[in-house]
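Structural description and commentary
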Amino acid sequence: MEIEAKKFSNKEINVTYDPCICKLSGICAKELSHVFSDNIIPWINLNQDATDTIIQQIKKCPSGALQYIKI
Ligand code: SF4
């Protein structure tokens, strides 16, 4: 069974998270915890920092589980 990637949006970007390929390294939650929380649902809150900062963090995701597209 295929699990759909989770989707999150603000006014500037759409972000997807694919739990099937996440390495659970925790880099996102450690480095930008106010956006990528490991204990709050929804766990990605794109309104907590500048979009450019969020994009830079997404680019550090080692597995590619986090992806973004500009709206
Ligand atoms: S940085 Fe990427 S691989 Fe690491 S926990 Fe976050 S989503 Fe998963």
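Note that the structure is a prediction, hence the values are computed from the model and not measured. (Residues numbered from 1 in each chain as written. Predicted model: local features only at pLDDT ≥ 70, side-chain atom pairs only at ≥ 80, totals over all residues. Heavy atoms only, no water.)

Some thoughts on the site of the ligand
- Around the ligand, the neighbouring residues are Tyr17, Cys22, Lys23, Leu24, Ser25, Gly26, Cys28, Cys61, Pro62, Ser63 and Leu66.
- Class assignment for the residues of the shell around the ligand results in seven nonpolar, three polar and one charged. (Near = heavy atom within 4 Å. Nonpolar A, V, L, I, M, F, W, Y, C, P; charged D, E, K, R; others polar.)

So, the sheet that holds strand β3 (residues 66-70)
- With antiparallel pairing, three strands are arranged side by side in an open sheet as β1-β2-β3. Only two strands of the sheet have a single neighbouring strand rather than two, namely β1 (6-9) and β3. With direction set aside, neighbouring strand axes in the sheet form an average angle of 20°.
- As defined by bridge partners, β1 adjoins strand β2 (residues 13-17) across four bridges and the pair is classed as antiparallel. Of the residues in β2, the one forming a bridge with Phe8 is Val15. (Pairing = 2+ DSSP bridges. Helix = DSSP H or I, 4+ residues; strand = E, 2+ residues; numbered from the N terminus. Axes fitted to C-alpha atoms, helices over the stretch in contact; angles between N-to-C directions.)

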